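Working through the structure, step by step
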Amino acid sequence: MSKIDSVSTNKKLFLDVGNSSIKGAFKQQMQWETIHPEGNFTASDLLQWIEDHASKFNEIVLSGVRKDVIQAIKGSLTKVPLREITIQDIPRELLDYKTVETLGIDRFLACFGATSQTSNSVVVIDAGTALTLDFMDQDDVFHGGVIAPGINHFMQVLPEKAPALPKVELNVPTTWPGKSTIDSLKWGQAGFYKMAIEHILYEYEKEFGSFELYITGGSGAKIQSLLDREAKHRPFLVFDGLERLSRSLS
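The present account deals with the structure reproduced in this document. (Residues numbered from 1 in each chain as written. Predicted model: local features only at pLDDT ≥ 70, side-chain atom pairs only at ≥ 80, totals over all residues. Heavy atoms only, no water.)

Tracing the backbone through its elements, the reader meets His 153 in helix α4 (residues 151–161). Given the relative accessible area of 43%, His 153 is considered partly exposed. Remark: the alpha-carbon pair of His 153 and Ala 130, spanning 23 residues in sequence, is separated by 8.5 Å. (Helix = DSSP H or I, 4+ residues; strand = E, 2+ residues; numbered from the N terminus. Buried < 20%, exposed > 50% of the residue type's maximum accessible area, 1.4 Å probe, protein only.)

What follows is the structure, encoded as structure tokens:
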């Protein structure tokens, strides 16, 4: 019997529509289970999966940044009630942010999921197509952050634009500075990325004081391997935040 076959009715299915992929998950015995296969999960794949498993869920809770995809999903799903959570559902006093209308809700949700797991302030690194580093205080107030290219795209720039250079692995040399072309490239890619992240974390400490560091996203394990400081790797932070916010709005 598969995990989804064992799911009882009266479950909620949570969907996160990102810039480049759609992720879905549900709680099974207090643990998150994903619905998407390895690789990309397209909107048509998603709709077919929900069609096949509609009887297992009594509600779909949806959020994301791709409004066109969200509208297509909402227009196609009829068997299961669907509720969309948007940035307008977040209490304004929890958003210390000037352009709320352009804030990707996944940034807030990842932080909101992290603060549900600690009584301290948090910085969340979400390592996906883009890399975001955001700060939320112990009172769940989101204070904004940084948006940068994701590590996979960053590492592809030189191979694409300067193919004569050798390709290197994602690791930081042990000696400084680079005394070979390979080590110089590693410092300029993995080392450059690592030092940029660590400086941003230092700036957060100067501005806000201590915090707990959480890492999520598809490249989260790669980012964690680059950093020297303690960090909690939590792949489901966006879903943790979406579940928490949806409960507060019920």
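Let's pick the thread back up.
Let's shift gears to the packing of aromatic side chains. Under the definition given, this model contains 15 aromatic pairs. Seen in terms of ring centroids, Trp 32 and Phe 236 are 6.4 Å apart; in terms of plane orientation they differ by 25°. Their pairing is stacked. Here the residue Trp 32 occupies a position in strand β3 (residues 31–34), and Phe 236 occupies one in the loop between β10 (232–233) and α7 (237–249), the gap between them amounting to 204 residues. You can call Trp 32 buried: its relative accessible area is 10%. Its end group placed over the ring of Phe 112, Arg 244 keeps NZ or CZ at 3.8 Å from the ring centre. (Phe/Tyr/Trp six-rings, centres within 6.5 Å; stacked < 30°, edge-to-face > 60°. Lys NZ or Arg CZ within 6 Å of the ring centre and 35° of its normal.)

Below, the discussion takes up the pairing of strand β2 (residues 22–28). Of all seven residues making up β2, six are buried, and the element is well covered by its neighbours. As paired elements, strand β1 (residues 11–17) and β2 share four bridges and run antiparallel to each other. Bridge pairing in β2 places Val 17 opposite Ile 22. Counting the residues between successive antiparallel strands, the hairpin from β1 to β2 contains four residues. Pairing geometry for β2 and β3, over four bridges, is antiparallel. Residue pairing for β3: Phe 26 is matched across the bridge by Glu 33. (Pairing = 2+ DSSP bridges.)

Another aspect to go through is the packing of helix α3 (residues 105–115) against α7. Running from N to C, α3 and α7 point in directions that differ by 85°, and their axes come no closer than 7 Å. Here α7 runs roughly perpendicular to α3, going by the angle between their axes. Residue-level contacts link Asp 106, Leu 109, Ala 110, Phe 112, Gly 113, Ala 114 and Thr 115 of α3 to Leu 237, Val 238, Asp 240, Gly 241, Leu 242, Arg 244 and Leu 245 of α7. Residues belonging to the contact of α3 with α7 are distributed by class as follows: eight nonpolar, three polar and three charged. (Axes fitted to C-alpha atoms, helices over the stretch in contact; angles between N-to-C directions. Parallel < 35°, antiparallel > 145°, perpendicular 65-115°, else oblique. Contact = heavy atoms within 4.5 Å. Nonpolar A, V, L, I, M, F, W, Y, C, P; charged D, E, K, R; others polar.)

One open sheet holds the five strands; their spatial order is β8-β7-β6-β9-β10, and the pairing between them is mixed. At either margin of the open sheet sits one strand with a lone partner, and together these are β8 (142–149) and β10. Of the pairings in the sheet, the one linking strand β9 (residues 212–216) to β10 comprises two bridges and is parallel in character. Among the inter-strand pairings, Tyr 214 is bridged to a residue of β10, identified as Lys 232.

For the rest of this paragraph, the subject is the sheet that holds strand β5 (residues 82–84). The sheet built from five strands is open, its strands ordered β3-β2-β1-β4-β5 with mixed pairing. The open sheet has two edge strands, β3 and β5, and neither has a second partner. Taking each pair of neighbouring strands and ignoring which way they run, the sheet shows an average axis angle of 25°. The sheet strands contacting helix α1 (residues 43–53) are β1, β2 and β4 (57–64), and the helix crosses β1 at an angle near 175°.

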